[in-house]
Amino acid sequence: MNDYNFDGHIAMLQKIYGRKCDLMLSCMDEGFGDRVTYNKPEGGLFIWCNLHQDIHPAEFSAKCAELGVTFIPGNMLAVSPADCTDAFRLNFSTPSDQQIVEGIGKMSSVLKALKN
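Quantities reported herein were computed from a predicted structural model and do not represent experimental measurements.

Looking now at the overall build of the chain. Of the regular secondary structure elements, the chain holds 3 helices and 4 strands. Along the chain, helices (α) and strands (β) appear in the sequence α-β-β-α-β-β-α when read from the amino end. Along the three orthogonal principal directions, the C-alpha set of the chain runs to about 55 × 30 × 25 Å. Taken across its 116 residues, the chain has 30% of its residues classed as buried. Taking as baseline every contact in the chain between residues at least 6 positions apart, the subset at least 24 positions apart corresponds to 61%. Accessible surface, the chain: about 7,500 Å² in total, of which carbon and sulfur atoms supply 53%. Between the mean site of the 10 positive side-chain charges and the mean site of the 14 negative ones, the chain shows a separation of 5 Å.

Now the structure itself:
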């Protein structure tokens, strides 16, 4: 580690992941409307989201999966599987910019189709 610019590498990663996070949040702002709430992360590689109460989480997940978009259900990360049933976690670090735009677009179309 003495032979490499570790601090420079971390700074570069922060820029990359910060930009990807901003891209995902921008797409979510544009497409999700009031159907999903979320907070801008202050660190990490994930965005925690909550579905509006009139959206059935399993149906939302299944329809997204049919379009090739998957995410981690919130209850899989909770102490009790009965908790966080309306929540899900998105990862912005792995997908490309194009995949982020397309994936959030597909999720947005599912949200619109499930609108009562």
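What follows is about the sheet that holds strand β3 (residues 72-73). Strand order across the open sheet formed by 4 strands is β1-β2-β4-β3, with antiparallel pairing between neighbours. Two strands bound the open sheet, and with one partner strand each, they are β1 (36-38) and β3. Relative to strand β2 (residues 46-51), β1 is paired through 3 bridges, and the arrangement is antiparallel. Considered in β2, the bridge of T37 is made with N50.

This brings us to the packing of aromatic side chains. Taken as a whole and assessed by the stated rule, the structure comprises 4 aromatic pairs. Measuring from centroid to centroid gives 5.6 Å for F60 and F88, while their planes differ by 45 degrees, and the two rings are tilted. One end of the pair, F60, is in helix α2 (residues 57-66); the other, F88, is in strand β4 (residues 87-91), and 28 residues separate them in sequence. We classify F60 as buried; its relative accessible area is 0%. Site record: aromatic cluster; members linked through ring pairs are F60, F71 and F88.

Conventions we followed
- Residues numbered from 1 in each chain as written.
- Predicted model: local features only at pLDDT ≥ 70, side-chain atom pairs only at ≥ 80, totals over all residues.
- Heavy atoms only, no water.
- Helix = DSSP H or I, 4+ residues; strand = E, 2+ residues; numbered from the N terminus.
- Buried < 20%, exposed > 50% of the residue type's maximum accessible area, 1.4 Å probe, protein only.
- Contact = heavy atoms within 4.5 Å.
- Areas by Shrake-Rupley, 256 points an atom, 1.4 Å probe, with all protein chains shown as cover.
- Lys, Arg positive; Asp, Glu negative; His and termini not counted.
- Charge placed at Lys NZ, Arg CZ, Asp CG, Glu CD.
- Pairing = 2+ DSSP bridges.
- Phe/Tyr/Trp six-rings, centres within 6.5 Å; stacked < 30°, edge-to-face > 60°.

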